[in-house]
Amino acid sequence: MKYVKECAVILGITLVGEWLNMLLPLPVPAGVYGLFLMLILFCTGALKLEQVEATGNFLLDIMPVMFVPAAAGLMDSFEQLRPVLAPLIIICVISTLAVMAVTGKTADLMIERGERHGKEKRYKGRKGGKKKS
Amino acid sequence: MSLVKESLYFGVVVSLLAYWAGLWLKQKLGWAVLNPILVAVALVIAALKLLRVDYPGYYEGAKYISYLLTPATVCLAIPLYRQLKLLLQNLAAVALAITAGVIASALSIFVLCLAFRMEHVYYATLLPKSITTAIGMGVSEEAGGIVTITVVCIIITGIFGNIIGERMFLLLRLKSPISRGLALGTSAHAVGTAKALELGEIEGAMSSLSVAVAGLMTVVVVPLVSGWI
């Protein structure tokens, strides 16, 4: 029974996400609508984690396998790609590294600054409290 | 061979076994290049060539694995909700980091396309490479790119990000699991998120959020820069 209910809730939210994708003229995929919808349901208390957790964790666990069928489609587009394959791969690789570095470093610096501010506030009035380890 | 070609479960089983083999190989040898997704793709292609099954024949069954991707994306709300407090505490950092990443993606592709003298059609094809396929296909079409090649670029980017993530984090000395999650999700979308979920729940939650937010931001940013080349 537990899995029946969990599947019904998750697929129900997915279906509403799909409908939103069909009805609204925005380039938002069904999964992203569904993600925010489920998040809203959690936040309002209409849905509890325990009501979707077992099936949800199962789906997240097997998620990497779900990319395999689409990726294997490379074998069909290989001929079309051959002339531009090298530059495309190089551009994807360098750009991915750049995005990773910029995003990660920005977040790290901001979080570090935030923590320092928090400490300053906490130590206000205390001598030498600003010192950072 | 009709035992293979006409079976609906062949594609599913081959994909699962190939991924299982990928996991096993990684555990045995521990090389980062032996990314289970990459190994699985290689094994599936090899198996299809060997058994002389064409891709549409394989996909007829394997599409039921892909079918689960949308509900799985919805379930990314679960780790995200568990880490919601942490997210709200670091809202400014999260918002700024994803924005910076989306801009870095567009600018790096612009500069690299100039360097390689790529035509507009490939520039437009590459611009959505860091976002999830479902959004990226629409963005590519809108900007005048080749959708099928965009899908290939998105997959290459995702698998590369999944492979290189941990190594890059050491190199960059990223301290916070929040930063690691944001970096994976913004650069390598859902495939990067699969890695982030392996690293930890905070990483997984932040990466999930990045996939949604970076995807939507890219929809806004690409039309602004797609005319540059």
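Quantities reported herein were computed from a predicted structural model and do not represent experimental measurements.

Turning our attention to the overall build of chain A. Per the secondary structure count, chain A includes six helices and zero strands. Counting from the amino terminus, helix and strand elements in chain A follow one another as α-α-α-α-α-α. Classification of the 133 residues of chain A by burial places 40% in the buried group. A total accessible area of about 7600 Å² is found for chain A, and carbon and sulfur atoms account for 65% of it.

Okay, the pattern of salt bridges next. Counting across every chain of the model gives eight salt bridges over all chains. The closest approach of N and O atoms between E79 of chain A and R82 of chain A, which form a salt bridge, is 2.8 Å. Classification of E79 of chain A by relative accessible area gives exposed; the value is 54%. Close ionic contact of R180 of chain B with E203 of chain B constitutes a salt bridge, the shortest N to O distance being 3.6 Å. Linking R180 of chain B in helix 12 (residues 177–199) with E203 of chain B in helix 13 (residues 201–225), this pair joins segments that are 23 residues apart in sequence. Taken together, the shared-partner salt bridges in this structure form one network comprising E53 of chain A together with R82 and E201 of chain B.

Let us look at the interface of chain A and chain B. Contact residues are listed per partner, giving 68 residues for chain A and 89 residues for chain B. Summing both sides of the interface, chain A and chain B together bury roughly 7000 Å²; the carbon and sulfur share of this comes to 85%. When the buried area of chain A at its contact with chain B is split by residue, M75, I91 and M100 of chain A rank highest and sum to 10% of it. The tally of links between chain A and chain B comes to two salt bridges. Measuring nitrogen to oxygen at the nearest pair gives 2.7 Å for the salt bridge that ties E53 of chain A to R82 of chain B. Considering only residue class, the side of chain A that touches chain B consists of 50 nonpolar, 13 polar and five charged.

What follows covers the side chain of S66 of chain B. Along the chain, S66 of chain B turns up in helix 4 (residues 55–66). Setting aside residues up to four positions removed in sequence, S66 of chain B forms contacts with M66 and P69 of chain A together with Y59 of chain B.

What follows is about the layout of surface pockets. When its volume is computed, the largest pocket comes out at roughly 610 Å³. Along the walls of the largest pocket sit 28 residues, with F67 of chain A together with L69, T132, T133 and A134 of chain B positioned nearest its centre. Counting residues per element, the ones that place at least two in the lining of the largest pocket are helix 2 (30–44) and helix 4 (68–72) of chain A together with helix 4, helix 5 (69–75), helix 10 (133–143), helix 11 (147–172) and helix 12 of chain B. By residue number, the principal contributor to the lining of the largest pocket is helix 11 of chain B, which donates four residues. Split into classes, the residues belonging to the lining of the largest pocket amount to 21 nonpolar, seven polar and no charged.

Taken as a whole and judged by the stated rule, the model has five aromatic pairs over all chains. An aromatic cluster of three or more residues is present, and its members are Y55, Y58 and Y59 of chain B.

On to the state of the cysteines. Scanning all chains against the criterion turns up zero disulfides over all chains. A disulfide-free cysteine, C75 of chain B has its sulfur positioned 9.3 Å from the sulfur of C7 of chain A, the nearest such atom. Under the relative-accessibility criterion, C75 of chain B is labelled buried at 0%. Here C113 of chain B stays unpaired: no disulfide links it, and the sulfur of C92 of chain A, its closest cysteine neighbor, is 9.4 Å away. A relative accessible area of 1% means that C113 of chain B is categorised as buried.

To continue, consider the domain arrangement of chain B. Residue and element names in this part refer to chain B. Examined at the domain level, chain B breaks down into domain 1 (2–67) and domain 2 (77–228). Taken over C-alpha atoms, the centre of domain 1 sits 26 Å from the centre of domain 2. Counting residues at the interface gives six residues for domain 1, matched by seven residues for domain 2. Buried area between domain 1 and domain 2, summed over both chains or domains, comes out near 540 Å², and the portion from carbon and sulfur atoms is 63%. Of all residues in domain 1, the largest losses of buried area upon contact with domain 2 belong to A32, N35 and I37, amounting jointly to 65% of the total for that side. Taken together, the connections running from domain 1 to domain 2 amount to zero salt bridges. Classifying every residue of the side of domain 1 that touches domain 2 gives four nonpolar, one polar and one charged.

Now for the nonpolar core. Residues M38, F42 and M63 of chain A together with V44, Y58, V94 and L182 of chain B are the most contacted members of the largest nonpolar core, which totals 65 residues. With six residues, the single largest contributor to this core is helix 3 (residues 36–51) of chain B. Setting aside chain neighbours within four positions, we find F42 of chain A in contact with L47, K48, L49 and V52 of chain A together with A77, I78 and Y81 of chain B. Core analysis: the second largest hydrophobic core is formed by 32 residues, I91 of chain A together with I131, I149 and V152 of chain B among them.

Attention shifts here to unusual backbone geometry. All names here are of chain B. For R173, which is not a glycine, the phi torsion comes out positive at approximately 55°. With respect to the secondary-structure elements, R173 resides in the loop between helix 11 and helix 12. Even without being glycine, H189 reaches a positive phi, approximately 40°. Note on placement: H189 falls in helix 12.

Cut-off values and rules
All residue numbers refer to position in the chain's written sequence, counted from 1. Each chain is given a letter, starting from A, and each ligand a number, starting from 1, according to the order in which they appear as written. With the structure being a predicted model, the display of local features is reserved for residues of pLDDT at least 70 and the display and counting of side-chain atom pairs for 80 or more, all residues being used for whole-chain, interface and lining totals. Each side-chain value is derived from all of the structure's non-hydrogen atoms; neither hydrogens nor water enter the calculation. Secondary structure elements follow DSSP: runs of H or I no shorter than four residues count as helices, runs of E no shorter than two count as strands, and numbering proceeds from the N terminus. Buried residues are those whose accessible area, probed at 1.4 Å on protein chains only, stays under 20% of the maximum for their type, while exposed residues exceed 50% and partly exposed ones sit between those limits. Working definition of accessibility: Shrake-Rupley area with a 1.4 Å probe, residue cover restricted to the visible protein chains. Each salt bridge in this description consists of a side-chain nitrogen of Lys or Arg and a carboxyl oxygen of Asp or Glu lying within 4 Å of one another. In this description, contact between two residues means that some pair of their heavy atoms is separated by no more than 4.5 Å. Summed over both partners, the accessible area lost on bringing two parts together, with a 1.4 Å probe, is the buried area. Amino acids are sorted into nonpolar (Ala, Val, Leu, Ile, Met, Phe, Trp, Tyr, Cys and Pro), charged (Asp, Glu, Lys and Arg) and polar (every other residue, Gly among them). The way it works is a 1 Å grid over only the protein atoms, where trapped points that fit a 1.4 Å probe form a cavity and open points with protein on both sides within 12 Å along at least five of seven lines form a pocket, and then any residue with an atom within 4 Å of a point lines it. Grid points are joined across faces, edges and corners, and a volume is the space filled by probe spheres set on the points. What counts as a ring pair is set by centres within 6.5 Å for rings of Phe, Tyr and Trp (its six-membered ring), and what kind of pair is set by the plane angle: stacked under 30 degrees, edge-to-face over 60, tilted for all other angles. Throughout, a disulfide means two cysteine sulfur atoms within 2.5 Å of one another. Residue ranges assigned to the domains are those given by an automatic or database domain assignment. Note on terminology: a nonpolar core comprises buried Ala, Val, Leu, Ile, Met, Phe, Trp, Tyr and Cys residues joined through side-chain atoms within 4.5 Å.

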